[in-house]
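Analysis of the macromolecular model
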Amino acid sequence: MNKRQDLFQEYLEKKDKNQLVQNALTDSSYKAFAQNGVKKKKDPDKFAEVHSITDNQNLSTLGDAVIKLCYCDLLLEDEKLTKTKEKLESDKVLVEKVAEHYDLIKYINKDDNNSDLPRDYAYKGEGHKYIATAVEAMVGAIYKDKNRDLKPIIKLLKSWMDF
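These lines cover the structure that appears in this document, whether it is placed above or below.

Definitions and cut-offs
Residues numbered from 1 in each chain as written. Predicted model: local features only at pLDDT ≥ 70, side-chain atom pairs only at ≥ 80, totals over all residues. Heavy atoms only, no water. Helix = DSSP H or I, 4+ residues; strand = E, 2+ residues; numbered from the N terminus. Rg over C-alpha atoms; globule rule 2.2 N^0.38 Å. Buried < 20%, exposed > 50% of the residue type's maximum accessible area, 1.4 Å probe, protein only. Contact = heavy atoms within 4.5 Å. Lys, Arg positive; Asp, Glu negative; His and termini not counted. Charge placed at Lys NZ, Arg CZ, Asp CG, Glu CD. Core = buried A, V, L, I, M, F, W, Y, C linked by side-chain atoms within 4.5 Å. Axes fitted to C-alpha atoms, helices over the stretch in contact; angles between N-to-C directions. Parallel < 35°, antiparallel > 145°, perpendicular 65-115°, else oblique. Left-handed = near helix turned anticlockwise from the far one by under 90°. Nonpolar A, V, L, I, M, F, W, Y, C, P; charged D, E, K, R; others polar. Salt bridge = Lys/Arg side-chain N within 4 Å of Asp/Glu carboxyl O. Polar contact = N/O pair within 3.5 Å; in protein donor to acceptor, adjacent residues only side chain to side chain.

Focus: the overall build of the chain
Across its full length, the chain holds 9 helices and 0 strands. The order of helices and strands in the chain, counted from the N terminus, is α-α-α-α-α-α-α-α-α. In terms of overall size, the chain behaves like a compact globule, its C-alpha atoms giving a radius of gyration of 17 Å where 163 residues would be expected to give roughly 15 Å. Once the C-alpha set of the chain is aligned to its principal axes, its extents read approximately 60 × 35 × 30 Å. Here the chain, with 163 residues, has 45% of them falling under the buried criterion. Contacts in the chain between residues at least 24 apart in sequence constitute 69% of all its contacts with a sequence separation of at least 6. Of the charged side chains in the chain, 29 are positive and 29 negative; the average position of the first set lies 3 Å away from that of the second.

In C-alpha cells, the structure reads:
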C-alpha cells in the first residue's frame with residue numbers, strides 16, 4: 001500500500017525521539033526478551049536499562065477507549081452505529097487495514113525469536129493481537145502527546161474509514 005503522510009505516520013517517524021511512541025511500540029514480549037539473562041550483579045547498568053522498559057499495555061487501554069469514543073462521535077448519526085463502530089475498531093481491521101497501511105510490524109519492538117508472533121497482516125486471531133495492541137497504543141500516545149485533544153485523532157480515524 002502506498003503510505004500517505006498523516007498524523008500516525010508522523011508519529012511513527014518519531015519512534016527514536018518520543019518516549020510515548022517508544023512505549024507504544026514496545027510489545028511485552030520484547031520486555032521479557034530484553035530482561036532474559038541480564039543479571040543485576042554482572043551488569044547493573046544494563047539491568048537497570050532493561051527493567052525500566054515500559055511496554056504498550058497501558059497506552060493500548062487508553063488508545064482503545066479513545067478509538068471507541070472518536071468512532072462514536074463520528075458515527076453518531078449512523079443508524080447502525082454499534083455494528084459499524086465494532087467493525088472499525090475490531091482487531092481484524094486494525095491489523096489488516098491500519099497496521100498493514102503503515103507496515104507497522106517493522107516498527108514494533110518485539111521478541112524476534114518468538115515464532116508465535118505472526119510477521120504478516122493476514123489476521124488469524126489471537127496471535128495477531130500484538131499488532132492491534134500497537135495500533136491502539138499509538139493512538140493513546142498521540143492523544144497524550146497532543147494534550148488530550150481529540151480533534152486530530154477524530155480526523156485520523158475518519159481517514160481510516162476509507163481504508
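Some words on the nonpolar core
Within soluble globular proteins, side chains that are nonpolar generally end up buried alongside one another. Grouped together as the largest cluster of nonpolar side chains are 42 residues, with contacts concentrated most on F8, L12, L25, L104, M138, I153 and W160. Among the secondary structure elements, those contributing two or more residues to this core are α1 (7–12), α2 (19–24), α5 (57–75), α6 (81–88), α7 (91–102), α8 (129–145) and α9 (150–160). Non-local contacts of M138, meaning those with residues more than four positions away in its chain, are made with F8, Y11, L12, V21, A24 and L25.

Focus on the packing of α8 against α9
Across the interface, α8 lies against α9 with an axial gap of 9 Å and an inter-helix angle of 150°. Between α8 and α9, the angle is such that the two are roughly antiparallel. The crossing of α8 and α9 is right-handed. Taking contact as the criterion, the partners of V135, V139, I142 and Y143 in α8 are, on α9, L150, I153 and W160. Residues that form the contact of α8 with α9 fall into these classes: 7 nonpolar, no polar and no charged.

Quick look at the pattern of salt bridges
Summed over all chains, the structure comprises 8 salt bridges. For K14, the salt bridge identified is with E10, shortest N-O distance 3.8 Å. With a relative accessible area of 32%, E10 lands in the partly exposed category. When salt bridges that share partners are traced, they join D64, K68, K85 and E89 into one network.

Details of the environment of T26
Within the secondary structure, T26 is located in the loop between α2 and α3 (28–35). C-alpha of T26 to C-alpha of A137: the two residues are 111 residues apart in sequence and 9.3 Å apart in space. With residues near it in sequence (within four places) discarded, T26 still touches I53, T54, D55, N56 and N109. A distance of 2.6 Å separates a polar side-chain atom of T26 from the backbone oxygen of Q22.

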